[in-house]
Amino acid sequence: MKNIVLIGFMGTGKSAAGRRIAKRLDMRFVSTDDMIVKREKRPITRIFTEEGEAYFREVEKEAVKEAAAMDNVVIAAGGGAVLDEENMSNLGSKGVIVCLTASPEAIYERTKKYKTRPLLNVEDPVSKIRELLEARAPFYRRARYQVDTSDKTINEVAGDIIGIMKK
Ligand code: S3P
């Protein structure tokens, strides 16, 4: 089977669903964010504050390339990875790309308890979510499959994606 690549905005459930799918299909789960943290030996918030977003995107590009070359994996790509053309072509080379979506409200509810996402550590995170969603919509739309996770459990999302893969 091809790799499964989950893209989508922060808080759409890529990691949670990805882990569940990997378990059910006996595949390995990899997250580009986790690869970056491991490589950099510091959390994403620190990479952003100490080096800036451009540096983070460079490291992300390497992580995406490495993950995309693996076999039998479910990949959760960081929410902004889609902005880079090369990332998308790498991810699509061995994988079926599925975009997870969610309403701004659902995204806010899921992300507000964590301070791990530098782009949302702002005064008005809801406006920021709307702004980023709008700017990124054309990129997320490029995925062949879209799964709205707003009102679904992790199991339901995983089931939908496994269904897509078995089509
Ligand atoms: C980002 C999403 C994050 C992480 C970083 C930037 C983005 O990943 O890569 O904070 O630009 O949307 P998740 O989508 O896993 O939260």
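The structure under discussion appears in the preceding block.
The paragraphs below set out a description of the structure included in this document. (Residues numbered from 1 in each chain as written. Predicted model: local features only at pLDDT ≥ 70, side-chain atom pairs only at ≥ 80, totals over all residues. Heavy atoms only, no water.)

**Some remarks on the side chain of Glu60**
- Turning to its location among the elements, Glu60 is positioned in helix H4 (residues 53–68).
- Overall, Glu60 belongs to the buried group, its relative accessible area being 2%.
- Ignoring sequence-local partners within four residues, the contact set of Glu60 consists of Ile36, Gly78, Gly80 and Ala81. (Helix = DSSP H or I, 4+ residues; strand = E, 2+ residues; numbered from the N terminus. Buried < 20%, exposed > 50% of the residue type's maximum accessible area, 1.4 Å probe, protein only. Contact = heavy atoms within 4.5 Å.)

**Details of the packing of helix H6 (residues 104–111) against helix H7 (residues 125–140)**
- Where H6 contacts H7, the axes come no closer than 10 Å and their chain directions differ by 125°. Classed by the angle they form, the pair H6 and H7 counts as oblique. Handedness of the H6/H7 crossing: right-handed. Seen from H6, the contacting residues are Pro104, Glu105, Ile107, Tyr108 and Thr111; seen from H7, they are Pro125, Val126, Ile129, Arg130 and Leu133. (Axes fitted to C-alpha atoms, helices over the stretch in contact; angles between N-to-C directions. Parallel < 35°, antiparallel > 145°, perpendicular 65-115°, else oblique. Left-handed = near helix turned anticlockwise from the far one by under 90°.)

**What to know about the nonpolar core**
- In this structure, Ile7, Phe9, Ile75, Leu91 and Ile97 are the most contacted members of the largest nonpolar core, which totals 36 residues.
- Considering each element in turn, this core owes the most residues, six residues, to H4.
- Excluding residues that lie within four positions of it along the chain, Ile75 makes contacts with Ile4, Val5, Leu6, Val30, Thr32, Ala67, Ala68 and Leu91. (Core = buried A, V, L, I, M, F, W, Y, C linked by side-chain atoms within 4.5 Å.)

**Observations regarding the packing of helix H3 (residues 44–51) against H4**
- Between H3 and H4, the shortest axis-to-axis distance is 7 Å and the interhelical angle comes to 130°. Taken together, the axis directions place H3 and H4 in an arrangement best described as oblique. Two secondary-structure elements touch here, H3 through Ile44, Ile47, Phe48 and Glu51 and H4 through Glu53, Tyr55 and Phe56.
- A breakdown of the residues in the contact of H3 with H4 according to their chemical character gives five nonpolar, no polar and two charged. (Nonpolar A, V, L, I, M, F, W, Y, C, P; charged D, E, K, R; others polar.)

**Some words on the pattern of salt bridges**
- In total, this model carries 16 salt bridges according to the counting rule given.
- Its salt-bridge partner being Asp34, residue Arg19 comes within 3.8 Å of it at the nearest N-O pair. Placement of Arg19 in helix H1 (residues 14–25) and of Asp34 in helix H2 (residues 32–40) is noted, with a sequence separation of 15 residues between them.
- A salt bridge links Lys61 to Asp84; its shortest N-O distance comes to 2.9 Å. With Lys61 in helix H4 and Asp84 in the loop between strand S3 (73–76) and helix H5 (85–93), the pair connects residues that are 23 residues apart, well separated along the chain.
- Each of Glu40, Arg42, Arg46, Glu50 and Glu51 takes part in one network of salt bridges that share partners. (Salt bridge = Lys/Arg side-chain N within 4 Å of Asp/Glu carboxyl O.)

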